[in-house]
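# Fold and contact review
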Amino acid sequence: MTLQFSPERLVTPPKFVAGPSPPASPESCPALVLNADYRPLSYYPLSLWSWQDAVRAVFMDRVNIIAEYDRAVSSPSFSMRLPSVVSLKTYVKPARTPAFTRFNVFLRDRFTCQYCGAHEELTFDHVIPRSKGGLTTWENVVAACSPCNLRKADRMPHEIDMLPFQPPYAPSVQDLHRNGRLFPPNYLHQSWFDYLYWDSELEP
Ligand SMILES: [Zn+2]
């Protein structure tokens, strides 16, 4: 996720150096990026910016700071706390479908081998093998453990009687939300919770 800056608005932000005795390195302080409607710009992957990108966007007046880390950075003339949540000042039309990524394929398939149900050694498998014209698309790729992947090799599903549990499909954001509640990201800053789905949709 990168900002497209218009050159006429380009200002040079001050050079920042890390503050004294940090509780965390700035690198571990990404900012959650919200659209102008206060929803995450993207869920899959979650829209996060490095602290440098977030600070740059603040200086370019592209975002509002919604929440901050305790962690500050400073230059000789300036000090600021790192933003933990920012919102775009201009609404960006969000992508309708989740990105086709390895992580999102695993999330759609609930991190489960689609041939045997294993959760370990996950790889991804072309249902119609590439050697037989199978494409690398949502509709032809499933999560599979290495042993199943090896066993299937480049045979057609019916040749070896290996059909995926569910026919692969292009998921909606809602599909991934449903599964995402089972597999929340490892790292969620406290200030993000108000803006992410799982605090409001978790079971009571
Ligand atoms: Zn398997």
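Residues numbered from 1 in each chain as written. Predicted model: local features only at pLDDT ≥ 70, side-chain atom pairs only at ≥ 80, totals over all residues.

### Considering the overall build of the protein chain
Across its full length, the protein chain carries 6 helices and 7 strands. The linear arrangement of helices and strands in the protein chain, starting from the amino end, is β-β-β-α-β-β-α-β-β-α-α-α-α. Put simply, the protein chain has 204 residues, and 24% of those count as buried. Within the protein chain, contacts between residues at least 6 apart in sequence are counted, and of these 65% link residues at least 24 apart. (Helix = DSSP H or I, 4+ residues; strand = E, 2+ residues; numbered from the N terminus. Buried ≥ 20, exposed ≤ 12 C-beta atoms within 10 Å, placed from the backbone. Contact = placed C-beta atoms within 7 Å.)

### As for the environment of Val173
Relative to the helices and strands, Val173 resides in helix H5 (residues 173–180). The class for Val173 is partly exposed, based on 17 C-beta atoms found within 10 Å. Expressed as a C-alpha distance, the spacing of Val173 and Ala99, which sit 74 residues apart in the sequence, is 9.6 Å. For Val173, the contacting residues outside a window of four places in its chain are Tyr43, Tyr44 and Pro98.

### Points about helix H1 (residues 51–59)
If you check which residues of H1 are buried, you get Trp51, Ala54, Val55 and Ala57. Down the axis, H1 shows its buried residues gathered within 160° of arc, on one side only. Where H1 is buried, its residues touch strand E2 (31–34), strand E3 (48–49), strand E4 (63–75) and strand E5 (78–88). Where H1 terminates, the next one or two residues include Asp61, which has phi positive at roughly 65°. (Arc of directions from axis to C-beta.)

### Quick look at the pairing of E2
Burial along E2 is two-sided: the face carrying Ala31 and Val33 and the face carrying Leu32 and Leu34 are both buried. Examined bridge by bridge, E2 and E3 share 2 bridges and lie antiparallel to one another. Residue pairing across strands places Ala31 opposite Trp49, the latter belonging to E3. In the sheet, E2 pairs with E5 via 3 bridges, with the strands oriented parallel. Paired with Val33 across the two strands is Val86, which belongs to E5. (Pairing = 2+ DSSP bridges.)

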